[in-house]
Amino acid sequence: MTPALKQPTAIAGTRVMGLGAYRPDVVIDNEQICQWIDSSDEWIQKRTGIKTRHRAPREVSVVDMAEGAAREALEHAGISGDQLGGVIVATVTHPFATPSAAADLAHRLGATPAAAFDVSAACAGYCYGIGQADAMVRAGLSRYVLVVGVEKLSDFIDNHERTISFLLGDGAGAAIIGPSEEPGISPSILGSNGEKWEAVAMDSTLLNFRDALSRARETQDATELLDAENRYWPTLRQDGPTVFRWAVWEMAKVAQQALDAAGITADDLVAFVPHQANMRIIDEMVKQLKLPEHVKVGRDIVDAGNTSAASIPLAMHRLLKENPELSGGLALQIGFGAGLVYGTQVIRLP
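For clarity, every value in this text was computed on a predicted model and none was experimentally measured.

A few words now on the environment of Ala116. Examined against the element boundaries, Ala116 turns out to sit in strand β5 (residues 115-119). Overall, the relative accessible area of 28% leaves Ala116 in the partly exposed class. With 10 residues separating them along the chain, Ala116 and Ala106 place their C-alpha atoms 6.8 Å apart. Not counting the four nearest positions on each side in its chain, Ala116 is found in contact with Val87, Ser100, Ala102, Ala103 and Ala106.

Here we take up the packing of helix α3 (residues 62-77) against helix α4 (residues 101-108). When two helices pack together, you describe them by how their axes are tilted relative to each other and by the distance separating the axes. Relative orientation of the contacting elements α3 and α4 amounts to 50°, with a least axis distance of 10 Å. The angle between α3 and α4 falls in the class oblique. The chirality of how α3 crosses α4 is right-handed. Touching Val63, Asp64, Ala66, Glu67 and Arg71 of α3 are Ala101, Asp104, Leu105 and Arg108, all from α4. Counted by class, the contact of α3 with α4 contains 4 nonpolar, no polar and 5 charged residues.

Looking at the secondary structure, you find Asp268 in the loop between α8 (240-262) and β11 (269-274). With relative accessibility at 40%, the residue Asp268 sits in the partly exposed group. For the pair Asp268 and His294, spaced 26 residues apart in sequence, the C-alpha to C-alpha distance is 9.9 Å. For Asp268, the side chain forms a polar contact with the main-chain nitrogen of Thr265, separated by 2.9 Å.

The rules behind each value
Residues numbered from 1 in each chain as written. Predicted model: local features only at pLDDT ≥ 70, side-chain atom pairs only at ≥ 80, totals over all residues. Heavy atoms only, no water. Helix = DSSP H or I, 4+ residues; strand = E, 2+ residues; numbered from the N terminus. Buried < 20%, exposed > 50% of the residue type's maximum accessible area, 1.4 Å probe, protein only. Contact = heavy atoms within 4.5 Å. Axes fitted to C-alpha atoms, helices over the stretch in contact; angles between N-to-C directions. Parallel < 35°, antiparallel > 145°, perpendicular 65-115°, else oblique. Left-handed = near helix turned anticlockwise from the far one by under 90°. Nonpolar A, V, L, I, M, F, W, Y, C, P; charged D, E, K, R; others polar. Polar contact = N/O pair within 3.5 Å; in protein donor to acceptor, adjacent residues only side chain to side chain.

What follows is the structure, given as structure tokens:
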């Protein structure tokens with residue numbers, strides 16, 4: 001007779017227990033951006049809604065920022081690092097292909113031997129992480145899971161490039177997911193459209209960069225070496241109109257799917273926190289979802305720019321700080337970006 005396998009006891013509900021944020025001290029305004037690209041403060045604000053963005057100095061790493069946000073989230077949740085059973089870091093800018101940022105972060109927080117892994121889902125990475133943390137806790141795999149969205153996009157942009165570089169900032173946001181007597185996280189809606197894979201992408205690969213450096217070393221040509229560094233180091237580009245149309249016309253439908261899966265309507269929300277990609281996209285989604293006036297909308301993009309995987313937790317952290325009365329209410333969050341990928345769920349605010 002085949003022996004029966006044991007499985008952990010499932011937990012019915014999960015919730016976000018605490019939030020944390022880290023914003024670098026260096027602030028770049030539009031006037032500084034216009035020294036690099038032919039533009040104006042008026043044009044940038046009109047097209048994107050952005051006035052400033054934070055950039056981390058060279059000595060501050062992705063894991064440094066993640067740690068700053070994580071420690072605040074732990075304090076907010078009222079738990080210590082050694083109670084974590086999982087650490088998930090959503091990022092596309094950790095400079096090591098391996099090992100993960102999550103493993104380093106778990107060690108710094110005293111979370112060893114917690115499960116630790118990174119998620120590469122660009123601007124949807126935080127929502128992907130929340131979905132995975134929710135599943136880990138409900139399955140009984142971990143009691144508490146840390147999710148961090150963190151980016152140091154300034155390492156992977158060309159300041160003179162005008163399709164995306166002027167939008168981007170650095171920062172980190174974190175959440176602690178734990179058990180709850182009542183459901184505090186709805187079913188996650190996750191998906192992708194790889195047909196538009198190149199709409200937001202790097203303009204080169206690390207292999208191309210390596211080969212260009214090898215050629216320059218062989219010829220010992222200083223000009224060729226500089227050209228290799230400038231032309232082949234991977235930096236971000238985007239097809240702005242394609243991304244804008246996709247986000248505006250498709251993401252409101254996905255957000256509605258999340259509301260339906262949660263069994264609620266827009267009237268039940270107290271907050272809407274979308275990925276901070278562009279203010280015009282945010283405004284259009286608000287219209288398409290027909291959000292009532294009482295629903296507060298996260299608009300962190302004005303001061304923080306687009307911080308990819310960090311944008312939703314940063315915007316939510318700020319929204320709660322400015323509107324503490326929202327605590328305990330329902331918030332719809334949705335991330336979307338390179339891949340093209342998307343993720344969304346409804347959460348009860350801590």
